[in-house]
Structures are given as C-alpha cells and as structure tokens.
Amino acid sequence: MTYAITQTCCNDATCVAVCPVNCIHPTPDEPDFGRTEMLYIDPKSCIDCGACADACPVDAIFPADSLSAGQKEYAAVNAAFYEQRPPRPAPEGGPVFHAWDAPSFRRVLPADFAPIRVAVVGTGPAGMYAAEDLLLHTNAQVTLVDRLPVAGGLVRYGVAPDHPATKRIGDTFARFHTHPRVRMYLGVDVGTDVTADELAAHHDAVVYAVGAATDRRLGIPGEDLPGSVSATTFVAWYNAHPEVAPDAVDLSGTERVVVVGTGNVALDVARILVADPEALAATDIADHALAALRASAVREVVLLARRGPEDISCTAPELLALGRLPGVRLVVDDHDPRVWAAVAGAAPHEKAALLRDAVRERVEWTAPPGPERRIVFRFHSAPEEMLGGAVRVTGHAGPVEIPAGVVLRAVGYRGIPLAGLPFDEATGTVPHRGGRVEGRPGSYVVGWIKRGPSGGIGANRTCAAETVGTLLADAVDGALPVPSGTSRAFDRLVRGRARQVVDARGLAAIERAERARGEETGRPRVKLGTVPELVAAARSRRRLLR
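Residues numbered from 1 in each chain as written. Predicted model: local features only at pLDDT ≥ 70, side-chain atom pairs only at ≥ 80, totals over all residues. Heavy atoms only, no water.

A. The sheet that holds strand E17 (residues 390–393), seen in detail. Spatial strand order, E16-E17-E18: three strands in an open sheet with antiparallel pairing. Both outer strands of the open sheet, strand E16 (383–386) and strand E18 (400–403), are each paired with one neighbouring strand and no more. Strand after strand, the sheet turns through a mean of 25° between neighbouring axes, direction not considered. One ladder, built from four bridges, connects E17 with E18; its direction is antiparallel. For Arg392, the partnering residue across the bridge sits in E18 and is Glu401. (Pairing = 2+ DSSP bridges. Helix = DSSP H or I, 4+ residues; strand = E, 2+ residues; numbered from the N terminus. Axes fitted to C-alpha atoms, helices over the stretch in contact; angles between N-to-C directions.)

The following block contains the structure:
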C-alpha cells in the first residue's frame, strides 16, 4: 500500500521534511517547487510509514486503498507525476532509507545575539509563516499587527467555506498567537492608527505581509454598471468579511451568472453559486450568504476564458473537483472548433484532458437556463462590454451577447500602496531584493505584496524563509536601524490611538463565541460579520473575569 496526496494539498512541504525515504516531490530545494500545483508521493518509493499523513496540516494525505470514490483518481495523479519526471538516482547508504544532507541552519542568529524585536503586519499565511520562522529559529520577540480585529487573513476570508480541510492550516498558525514571545495588536491599521515610521521606530525590523487587497480591472465599457461585481467582493461576502456589507451581492431574480476567468477563485465562485445550500449549511459560510443562496434562482454559471482549454488557469485538482459536484452538470460550449479539438487532443497529464467527461454542447444563449444546475465553460471568449443584464463576448462567428443578472470579475488580485513604502504600480508590489524593501532599511515584505498574487497558501512558507533569511543576515551584519522606542512605549502608543485593540485573549474569546454560535445550529462556527460584533465578543472575556 502507498499513500497519495489529494486535492487540498497546500504545498506547505511539511510532509517532505518528515518522509524517511524522500518519496515526496518536488522538495523545497528542487527547481520545480512552487511551480507544480501540488506535491506528489512516488508510489514506487513510499514505504507506508504514514509520517506524511500525520504531519500534513490540511489532511490532504491518505492511504491509496482507502481513498473515497471522489478521491480515487488522485492515486493515478500522484503516479503520473513520476512518469513525466526523469528517474532519480538510487540513494547511497541503503536501498530504503536515503542519506540525509548535512544539517543546515541558514535562518538563525548567533547564540549570544541579543533578541531583536520584529513587527509582522498581517496575520494571514504569509505573515504567520514569517512569525513561525522567527519564533522557531531565533529568540526574536514578535509583534503581530492586523487592521482587522480578528486574525487569519486569507485563511479566514479567502478560502471557500466548502474547503474545511484547507482551513485547518489556521490551527497551525493559531498556536503561535499565544506564544510567550508574541504580542498581538488586532484592529490596528498601519498608515492610519500608526505610521510606518512609528512602527519602525519601536522595532528592529518590520515585515509587511499585507497581501493583495483589491482586484484587477477588465478595462471594458460598462464594468461599473449595477450587477458587475468583483470576485474579491464576492469571496469576502460569502466569508463574512466585516468590510463587505451583507447586501453587497444581489442574486435575486438571477438565473444565470457569468464569471470572467477560469482560475481557482473563479471555480470557487462557480461552485458556491450552484452548490446545494443545505450542504453549505454545514460550513462556516456567512449567514447572509447562505440565506441569499437558499433564495437564489441561479441555475447556470458561465465561466469565460480568453484562451482555449489547453491554457486553462485553474489547477487540475480544482478542475477535477468541479466535475464531481452532486447534481451539477459540467458543460463545454462547442461554439468554436478549436475548443473540442484541444480537449480531444490533450495528453493524459494535461488539464484539458480532464474536460473529456464534460457534456459537449452548442449552447443557445438566447434561451433561458434549463431546470438543471450546470457550469458552462466557454473558451476563446473575451468580454468586450457589459451591458446591464448581459455581457458581450467575442465568439468564433462574431460577438455574442450572454444574458446574465450578475457578472463576476475573477481575473486576479492586486496589491495596493501602503503609506511609507515604495510601490510598483505596474506589478502591484513593493520593490524589494530578497524581501528587503528597497530604500528602507529594516523593512521587509513577504507574500503577495512581495511576489504578486501567485501561489497558494504553502507557497508563502518558502517565500517567508527567504525574507526571514535576508532579515537575519542584515541583523548579523549590523544593518538594522536601532529602534528608539521600547515595546512598552509602542503598547502605549497603539492603545492611545486605536481604541478597539484586540489581543490574544480577545481573539480566543472571539473564537469561543463563534464556535458556541455554531454549536447551536450544528455548524463548525458562525462568524461574527461586523467590527462591532467582533470587538464586543473580544471584550466579553473581560466581563467574565469581573
């Protein structure tokens, strides 16, 4: 028996570190790490020890012979990766256990080095991987800062509610929230409550992990008409983000939704729109979103792609999952002869081949959607104009108007400038070298604000390792500015400016409140959806102490 990695793989690579036979690839030191959609177990090398499954933070690894019906194909997916990969030389020192490399401690400070104070702005995966690296490898004191009164970032507000296993990575990060060398300041906006200069004046270094907070624009006429919504807003809406109102998305009277894009976010959006609301009721989806989906008339979601199926931008695991939705048909619009030719001609390991089981149909867009729920891929169709109730797209035989009550733009995220830091408008990132912000000693970046909106949760681990390595090298070289303020002075400064600061104990109170609300309705949690609700829950522990 062998183990197999399945859809929810986060590319964290924790499993790689514990494998005694080096059968999980690509590893962080291999060129294709971060470029593959997931990690893969070599069935010929796996010895069935189960160490990888025990270490996996998102429960993505299972014995191949116990995979569920919807997961069985992942055994073949894992094996296929090694069929395309050049064979590795046999390890020296024995036929089973490979020889370990010499220990390497690249991200450490000398034993006699005085503790440094590092502020990490942002508590999503990028920020928490940086904090974890600092806490595990050094004696640094870490200040966690987030503009929202609750931690989590992308894990809390970006992962789809029907992917609960992926959300479990948050448990890994949560253990550092109460670390004895961590101070937490949630509900503090850097740039408003405190400036970047003030933050730097009280810390030896500052790591910015602020992500990509807005969406890319299409740049077509009608993009701002009613009914045109960014996927950024839609995802935040169904995840109960406190900065997105419950009425930000209106699905009433809408039978068809058009989603521009075919990346993982586009697939998440499509899946949520046609999923059985009663299945979603067992997740942590926002109450207002669940109510809207229960009342929704949406039966068809159209995914628009500028290019053909050979260039589809989602990952293979997400595309596989889309074809297994109960009660939902997957359709490929056969409007262009290039589309099915690409599907039929795709090699078994190519993503286009995964569409062969989809229904091939020439869709008549003048007719309303039928009674069934379905997701339609329309390739070689770029949006030209939003018309209010429809979107005009390119087609093989000329422009086509597709009626739609809502059009969701899912063509990527984009970083926004942060006061006090340089910013590259072309890339939507902060200019840096190895994570070191250009022209600002002691300031660093990690995650999407560093490299752009690419890579999943686990990609932030290696990204953080690079940034932390740069920071520690600067510390050893004496290149970090000497802070003028103390940690106590920073505490007074923050609490004097931001009146609704939430600390680790307040965060724990929010967690208890949301889980208690969930227990009442048989759900894992019911999220508090406004800043006042979150702050009130955080302060409730004070009342209990009295």
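B. Seen up close, the packing of helix H9 (residues 231–238) against helix H10 (residues 264–274). Where H9 contacts H10, the axes come no closer than 10 Å and their chain directions differ by 50°. Between H9 and H10, the interaxial angle falls into the category oblique. Read as a crossing pair, H9 and H10 show a hand that is left-handed. Here H9 contributes Ala231, Phe234, Val235 and Tyr238 to the contact with H10, which in turn contributes Val265, Asp268, Val269, Ile272 and Leu273. Its residues assigned to classes, the contact of H9 with H10 comprises eight nonpolar, no polar and one charged. (Parallel < 35°, antiparallel > 145°, perpendicular 65-115°, else oblique. Left-handed = near helix turned anticlockwise from the far one by under 90°. Contact = heavy atoms within 4.5 Å. Nonpolar A, V, L, I, M, F, W, Y, C, P; charged D, E, K, R; others polar.)

C. Region of interest: the packing of helix H4 (residues 125–137) against helix H16 (residues 459–476). Running from N to C, H4 and H16 cross one another at 50°; their axes reach a closest spacing of 8 Å. One finds that H4 runs oblique with respect to H16. For the pair H4 and H16, the sense of crossing is right-handed. For the pair H4 and H16, contact is made by Pro125, Ala126, Tyr129, Ala130, Asp133 and Leu134 and by Asn460, Arg461, Ala464, Ala465, Val468 and Leu472, respectively.

D. Summary view of the sheet that holds strand E15 (residues 373–378). The parallel open sheet is built from seven strands, whose spatial order is E10-E19-E11-E12-E15-E13-E14. Each having just a single partner strand, strand E10 (228–230) and strand E14 (359–361) make up the two edges of the open sheet. The sheet shows a mean angle of 25° between the axes of neighbouring strands, taken without regard to direction. Running at roughly 70° to E10, H9 makes contact with E10 and strand E19 (406–409) of the sheet.

E. Quick peek at the nonpolar core. With 72 residues, the main nonpolar core has Ile24, Leu39 and Ile41 as its most contacted residues. If sequence neighbours within four positions are ignored, Leu39 has contacts with Ile5, Cys9, Asn11, Ala13, Cys15, Val16, Ile24, His25, Pro26, Phe33 and Asn78. By size, the runner-up hydrophobic cluster in this structure holds 55 residues, among which are Phe234, Val259, Val274 and Ile375. (Core = buried A, V, L, I, M, F, W, Y, C linked by side-chain atoms within 4.5 Å. Buried < 20%, exposed > 50% of the residue type's maximum accessible area, 1.4 Å probe, protein only.)

F. Here's a closer look at the pattern of salt bridges. This structure, assessed with the given rule, holds 42 salt bridges. Among the salt bridges present, the one from Glu255 reaches Arg299, with a minimum N-O distance of 3.5 Å. Of the two residues, Glu255 is situated in the loop between H9 and strand E11 (256–260) and Arg299 in the loop between helix H12 (287–295) and strand E12 (300–304); the sequence distance between them amounts to 44 residues. Classification of Arg299 by relative accessible area gives buried; the value is 19%. Note that Asp334 and Arg360 form a salt bridge whose closest N and O atoms lie 2.9 Å from each other. Here the residue Asp334 occupies a position in the loop between strand E13 (328–333) and helix H14 (337–344), and Arg360 occupies one in strand E14, the gap between them amounting to 26 residues. Given the relative accessible area of 48%, Arg360 is considered partly exposed. Several salt bridges share partner residues, and in doing so they unite Arg256, Glu300, Arg329, Glu361, Glu372 and Arg374 into one network. (Salt bridge = Lys/Arg side-chain N within 4 Å of Asp/Glu carboxyl O.)

G. Structural context of the packing of aromatic side chains. This model, assessed by the stated rule, comprises eight aromatic pairs. Relative to Phe81, the ring of Tyr40 has its centre 4.3 Å away and its plane inclined at 10°; by these criteria the two rings are stacked. Taken together, the residues span a long stretch of sequence, with Tyr40 in strand E3 (residues 40–41) and Phe81 in helix H3 (residues 73–83) at a distance of 41 residues. On the basis of relative accessible area, Phe81 is assigned to the buried category, the value being 15%. (Phe/Tyr/Trp six-rings, centres within 6.5 Å; stacked < 30°, edge-to-face > 60°.)

H. Inspection of unusual backbone geometry at higher detail. Cis geometry marks the peptide bond from His25 to Pro26, where omega comes out at -5°. Along the chain, the position of Pro26 falls in the loop between strand E2 (24–25) and E3. Although it is not a glycine, Asp59 sits at a positive phi angle of roughly 50°. One can find Asp59 in the loop between helix H2 (51–55) and strand E4 (61–63). A residue is classified by how much of its surface remains accessible, and Asp59, at 35% relative accessible area, is partly exposed.

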